[in-house]
Structures are given as structure tokens and as C-alpha cells.
Amino acid sequence: MKLHTFAWATAFALGCAPPVGAAELLGPGVISTGLQETTAALSPDGQTLLFLRSDFAEKDDTILLAHRQGNSWSAPEVAPFSGQWHDSEPAFAPDGKRVYFVSNRPPHAGEAPVTAEMGGQHFAGTNLWYVERQSNGRWGEPVHVDGAHNDGAMLYNPTVAANGDIYFSAHRPDSGKFYQVYVIHPAGQGYSAPERVDLGDSEHNRMDPCIDPKGRFLLYAGNEGDSLGSADIYIAFRQADGRWGKPEHLGGDVNTAALENAPTLGPGFGELYVSSNRQDDVQFPKKRDDIGSLQKRLNGPNNGSRNIWRMDIADVLKAHGLHD
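To start, this report covers the structure provided alongside it. Bear in mind that the values here come from a model prediction, so they are computed numbers and not experimental data. (Residues numbered from 1 in each chain as written. Predicted model: local features only at pLDDT ≥ 70, side-chain atom pairs only at ≥ 80, totals over all residues. Heavy atoms only, no water.)

1. Let's talk about the packing of aromatic side chains
Short version of the rule: Here the aromatic set is Phe, Tyr and Trp, taking the six-membered ring for Trp, and pairing holds for ring centres within 6.5 Å; pairs whose planes are under 30 degrees apart are stacked, those over 60 apart are edge-to-face, and all others are tilted. Helix and strand assignments follow DSSP, with helices taken as H or I runs no shorter than four residues and strands as E runs no shorter than two, numbered in order from the N terminus. Exposure is judged per residue with a 1.4 Å probe applied to protein chains only, and the accessible area is read against the type maximum: over 50% gives exposed, under 20% gives buried, and values in between give partly exposed. As a reminder, the over-ring test applies to NZ of lysine and CZ of arginine, requiring each to be within 6 Å of the ring centre and within 35 degrees of the ring normal.
Counted according to the given criterion, the structure contains eight aromatic pairs. Geometrically, the ring pair formed by Phe-217 and Phe-237 is tilted, given 5.9 Å between the ring centres and 45° between the ring planes. Within this pair, whereas Phe-217 is found in strand 20 (residues 217–222), its partner Phe-237 is found in strand 21 (residues 232–237), the two being separated by 20 residues in sequence. Here Phe-217 matches Phe-237 in class, with each residue buried. Of the aromatic side chains, those joined through ring pairs into one cluster are Phe-81, Phe-92, Phe-101 and Trp-139. Stacked on the ring of Trp-309, the Lys or Arg Arg-278 has its end atom at 5.0 Å from the ring centre.

Put into C-alpha cells, the structure is as follows:
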């Protein structure tokens, strides 16, 4: 991502929101390190993890893959379909058979890599791609998803509902000054034109959508005016008339004064993963460092780099009548 975040009768009556499970760093030192890690994509069986690792400037993005080993994760490897281009933001389809991602790789053989321009700055652009997971566990060749959603080459964080709808964030002619969330629907052999998701006026930045597979709620990163940091995680619930309710700021450990972005859902009910650059406080005078302790701390996952955090929002969902 270039950043370039409820209304419940009972909760309001008590003056508080339903609790959120405490945040837990995902795979300290293995998945979450002193580099930048974002966008956790877990397979439906919870055994395969794809995620993004990059430099601090986010100019060199690569999709990595790890496998569950009991209560821990294997050492990550570069995903077989990544490692040559600016690939980012993987997302499993709900059935686990496809992974969608964005990339600057040439859309078709013989074409140039994708570039984008904004405010006079040129950078690696993005188009939408998918790769199929074979029955033997191997991965097929990446397939370009043609369509108007690629216009402008600033498409980020695809997320897929069970009905085939794909949500993403983008900067398009109707986005205003900021990024907004869009959706495309399956149509014939392709997809419909992108529709901006109505989450309120376009004076707020909205990125990194994550759709509930059943389409009942939408998570995203942004700032609706009450963010604790530059971006927080919000949730909007689909109303009976099909429209989206007012976005609501998630409480508990989900949001902090740090940057939170890239929300994704795990296979368990209420299982939420969020990228954040939260870090340990340093109290002075500190215990005197030697070069070993200094390097260990500065290279560790809590050094202010983005890491992946796991938390539980099951109680939030239950407060809205959702139970699976």
C-alpha cells in the first residue's frame, strides 16, 4: 500500500464498545521482523500464509510464503510467482483456489512494466493479477485480470467475496484528493466497471479494504476524523437495504497512535490481522547498551517497522448479530 483506518444499542447504553482481543505479534523474528511486513493472507485451512515484505521506502515489495508448523511458522520463502517484479498485497479467494495480488509486471508479453503518476511523481504502478493453486499444492502462472479497474495503475489491496465481487482501493477520477474503495462484479467473461463504495464523502482517505466473504461487513484503513494515528482500522456493516452503514472506529488493541493498515481476515470467526508500526517505548535512562544489545533491539520487530498483528473482533461481530 502507498500511504502514501459501531453502533450497538447495548454498547451505547453501557457507554462502551464490545471488547477486542489483545493484539499478538505474528511470528516474532520469523514473520514479523525489523523489515516491513504487511498484508497477511491465510488460506482457508489456516496452514499457508502469504504476506508482503519490503524495504522501508516500499520500493521493493515481494510476496513471501510460509507454512504452519504446529503453533509456529516455517521460515518464509519467496512465493513461486513473485520475486522479479513489484508484487504486493496477496489475498486468497474464499475457496482457497486463487490468490489475487497486484503487480507492476507487464500485463502482456512484450509490453513495458506498469508505471503510475500522481502529483508529478512517477512510480511502479499496479494491475490486478491472480494465480491458481493446483491440486498438488503447486502454483500456476500469474494471469492478468483485464478490465477498467486497471485504469490509472493505482489499484491496491484486492479482496474477494464468495460471490466473486472484488473490492480494492484506488485513486481514480472520482476519488477526490484521496484514495477510495471500489468494487467490481463478475460480468460475462470479465468484470463490470468499478463502482465507488459509498462510505461517506470523499474528503477522507480510505484504503486497504477487506470484505467479509459473505459480504456482511467491510474493514478498511483510513481516517474518518477520529483516527488515533495517521491511519486506523474501521468497519462498516451492510444494512438491510444493501447500503453500507456509517464506518465505525474499532477499539481495543486494533488501533493505536501508530499507523495501522492492511486489515485481513483469518479463517476463524473474528480472526483479524493488521499491519502496524507500533514499537516499544524507550525509557531514559535506559540500561546501558553494548553493541550487541543495541543491534538486537534496533533490528528487532518492535523497532518501528511495520509488522503483522493478530487480534480477535468476534465480540464486535456478535454485537451486530453475526455468529459465523
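Right, picking up where we left off after that structure.
2. Regarding the pairing of strand 11 (residues 127–132)
Remark: a regular strand shows side chains that alternate across the two faces of the sheet. Spelled out, the test is: Paired strands, in this sense, are two strands between which DSSP finds at least two bridges.
Where burial is concerned, most of strand 11 is hidden: five out of the six residues are buried. Of the pairings in the sheet, the one linking strand 8 (residues 98–103) to strand 11 comprises six bridges and is antiparallel in character. Counterpart to Val-102 in the pairing with strand 11 is Leu-128. Where strand 11 lies against strand 12 (residues 143–144), two bridges are found, and the strand directions are antiparallel. The partner of Trp-129 across the bridge, within strand 12, is His-144.

3. Focus: the nonpolar core
Selection rule: In this text, buried Ala, Val, Leu, Ile, Met, Phe, Trp, Tyr and Cys residues form a nonpolar core when linked through side-chain atoms within 4.5 Å. Two residues form a contact once any of their heavy atoms are found within 4.5 Å.
Leu-219, Leu-250, Val-254, Leu-272 and Ile-313 are the most contacted members of the largest nonpolar core, which totals 19 residues. If you list the elements that add at least two residues to this core, you get strand 20, strand 21, strand 24 (271–276), strand 25 (307–312) and helix 3 (314–319). With sequence-adjacent residues up to four places away left out, Leu-219 is seen in contact with Asp-208, Pro-209, Cys-210, Ile-233, Tyr-234, Ile-235, Leu-250, Pro-263, Leu-265, Leu-272 and Ile-313. In terms of nonpolar packing, the next biggest core, distinct from the first, is built from 13 residues, Val-145, Leu-155, Ala-170 and Ile-184 among them.

4. Observations regarding the side chain of Asp-212
We apply this condition: As used in this structure description, the phrase polar contact means that two N or O atoms lie within 3.5 Å; if the pair is within protein, one of them must be able to donate a hydrogen and the other to accept it, and residues adjacent in sequence are counted only when both atoms belong to side chains.
By the secondary structure assignment, Asp-212 is in the loop between strand 19 (206–211) and strand 20. Here Arg-216 takes part through its side chain, which lies 2.8 Å from a polar atom of the side chain of Asp-212. Dropping the residues within four chain positions of it, Asp-212 is found in contact with Ala-161, Phe-217 and Leu-265.

5. Some points on the sheet that holds strand 13 (residues 155–160)
Across the sheet, four strands lie side by side as 13-14-15-18; this open sheet has antiparallel pairing. One side of each edge strand has no neighbouring strand; the edge strands of this open sheet are strand 13 and strand 18 (195–196). Across two bridges, the pairing between strand 15 (residues 180–184) and strand 18 is antiparallel. If you follow Tyr-182 over to strand 18, its bridge partner there is Arg-196.

6. Structural notes on the sheet that holds strand 21
Spatially, the four strands line up as an open sheet ordered 19-20-21-22, and their pairing is antiparallel. Edge positions in the open sheet fall to strand 19 and strand 22 (248–249), since each of these has one partner strand only. Of the pairings in the sheet, the one linking strand 19 to strand 20 comprises four bridges and is antiparallel in character. Its bridge partner lying in strand 20, Cys-210 is registered against Leu-219.

7. Describing the pattern of salt bridges
Defined as follows: When a carboxyl oxygen of Asp or Glu is within 4 Å of a side-chain nitrogen of Lys or Arg, the pair counts as a salt bridge.
Considering all chains together, one arrives at 13 salt bridges under this definition. With a closest N to O distance of 3.2 Å, Arg-306 and Glu-58 form a salt bridge. A residue pair is termed long-range when its members are at least 10 positions apart, and Arg-306 in the loop between helix 2 (291–298) and strand 25 and Glu-58 in the loop between strand 3 (48–54) and strand 4 (61–69) qualify at 248 residues. Across the salt bridge formed by Asp-289 and Arg-297, the nearest N and O atoms sit 2.9 Å from each other. In this structure Asp-289 comes out as partly exposed when scored by relative accessible area, which is 21%. Residues joined by salt bridges that share partners form a network here, namely Asp-212, Lys-214, Arg-216 and Asp-324.

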